[in-house]
Amino acid sequence: MSLPTSHTVHPERLGAVDLRRQADYFSNDFITPHLLDAIPAVLMILNAQRQIVYANRTLFELTGGDDPSPLNGLRPGEALHCVHARQVPAGCGAAEHCQACGILAAVLDSQADGRKTSDCRITRHRNGLAEALDLRVEAIPLTYGGESFTLFSMVDISHEKRRQALERLFFHDILNLAGGIRGFAEILPGSPP
């Protein structure tokens, strides 16, 4: 999967003052953080440069922290510690592997065409070990304060992927067994009793 040429990947990032102003849109209201933190899926609000301006508590738990401030200004792959996010100085979305990333594609597609959903796998470093995350991501464009944002959610679908792999393995084994029984059944009528 490669990104359509009509997409603009913003390698630039907003400065600290503009980033803080955008983050304040979503954190100053009393009810907004409480509602978003109650959602069990990872939820982020990204600016036009794909930087995190708000993240719910579920992302902090996934990344091993409990303080939201280190995540502000990061891109999703950087927050998740994707192995490709730090390969180039521009960060998440700029490496060669990023061109096939479901996260980047969903965000850019939603900015251009509206709500987008995709499945993706991220390999990340966590506690010195490589770990794969199978995710279903959804990106929805959002305009607030005259600025464009993306409401971005992620759900772990590793259990679905494991089930699909087990089903394929099980059906493969059943087909092999059935093929063996069929072979024996075909030679039985011609053999002596």
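Here's what I pulled together on the structure shown here.

Definitions and limits used
Residues numbered from 1 in each chain as written. Predicted model: local features only at pLDDT ≥ 70, side-chain atom pairs only at ≥ 80, totals over all residues. Heavy atoms only, no water. Disulfide = S-S within 2.5 Å. Patch = residues over 30% accessible without salt bridge, like charges linked within 9 Å, V, L, I, M, F, W, Y side chains within 5 Å. Areas by Shrake-Rupley, 256 points an atom, 1.4 Å probe, with all protein chains shown as cover. Salt bridge = Lys/Arg side-chain N within 4 Å of Asp/Glu carboxyl O. Helix = DSSP H or I, 4+ residues; strand = E, 2+ residues; numbered from the N terminus. Phe/Tyr/Trp six-rings, centres within 6.5 Å; stacked < 30°, edge-to-face > 60°. Buried < 20%, exposed > 50% of the residue type's maximum accessible area, 1.4 Å probe, protein only. Pairing = 2+ DSSP bridges. Axes fitted to C-alpha atoms, helices over the stretch in contact; angles between N-to-C directions. Contact = heavy atoms within 4.5 Å.

So, the state of the cysteines
Stage number 1. The full count for this structure, using the stated rule, is 0 disulfides.
Stage number 2. Left without a disulfide partner, C82 is nearest to the cysteine sulfur of C98, which lies 6.3 Å away.
Stage number 3. The thiol of C101 is unpaired, and the distance to the nearest cysteine sulfur, on C120, comes to 5.4 Å.

Description of a nonpolar patch on the surface
Stage number 1. Taken together, the side chains of F170, F171 and I174 present a nonpolar region at the surface, about 320 Å² in accessible area.
Stage number 2. Mapped onto the elements, F171 comes out in helix α6 (residues 158-187).

So, the packing of aromatic side chains
Stage number 1. Under the counting rule described, the total for this entry stands at 5 aromatic pairs.
Stage number 2. Plain terms: the ring middles of Y25 and Y144 are 5.2 Å apart, the flat faces sit at 70° to each other, and that makes the pair edge-to-face. In this pair, Y25 sits in helix α1 (residues 16-27) while Y144 sits in strand β4 (residues 129-144), placing the two residues 119 residues apart along the sequence.
Stage number 3. Judged by its relative accessible area of 23%, Y25 falls in the partly exposed class.
Stage number 4. Take Y144: its relative accessible area is 41%, and that puts it in the partly exposed class.
Stage number 5. Residues F26 and Y144 carry aromatic rings whose centres are separated by 5.5 Å and whose planes lie at 40° to one another, so their mutual orientation is tilted. Of this pair, F26 sits in helix α1 while Y144 sits in strand β4, placing them 118 residues apart in sequence.
Stage number 6. Put simply, the rings of Y25, F26, Y144 and F149 touch in pairs and so form one group of aromatic residues.

Looking at the sheet that holds strand β1 (residues 42-47)
Stage number 1. Taken together, 5 strands build an open sheet; the order of strands is β2-β1-β5-β4-β3 and the sheet is antiparallel. Taken across any chain shown, the strands that pair with only one partner, and hence form the sheet edges, are β2 (52-55) and β3 (116-126). Averaged over neighbouring strand pairs, the angle between their axes works out to 30° when direction is ignored.
Stage number 2. Pairing of β1 with strand β5 (residues 147-156), which is carried by 6 bridges, proceeds in the antiparallel orientation. Across the sheet, N47 pairs through a bridge with F149, a residue of β5.
Stage number 3. Across the sheet, helix α5 (residues 102-113) is in contact with β1, β3, β4 and β5; its angle to β3 comes to roughly 145°.

A closer look at the environment of P70
Stage number 1. Residue placement: P70 occurs in the loop between α3 (57-63) and α4 (76-79).
Stage number 2. Accessibility expressed as a relative area gives 51% for P70, which makes it exposed.
Stage number 3. The sequence separation of P70 and F60 amounts to 10 residues, and the corresponding C-alpha distance is 9.7 Å.

Details of the pattern of salt bridges
Stage number 1. Counting across every chain of the model gives 9 salt bridges.
Stage number 2. The closest approach of N and O atoms between R136 and D119, which form a salt bridge, is 2.8 Å. Pair noted here: R136 is in strand β4 and D119 is in strand β3, with a separation of 17 residues, a long-range link.
Stage number 3. According to the relative accessible area criterion, D119 is partly exposed, its value standing at 36%.
Stage number 4. The residue E131 makes a salt bridge to R124 at a minimum N-O spacing of 2.7 Å.
Stage number 5. You can call E131 partly exposed: its relative accessible area is 29%.
Stage number 6. On the basis of relative accessibility, which here comes to 1%, the residue R124 falls in the buried class.
Stage number 7. Several salt bridges converge on common partners, so that one network encompasses D18, R21 and E147.

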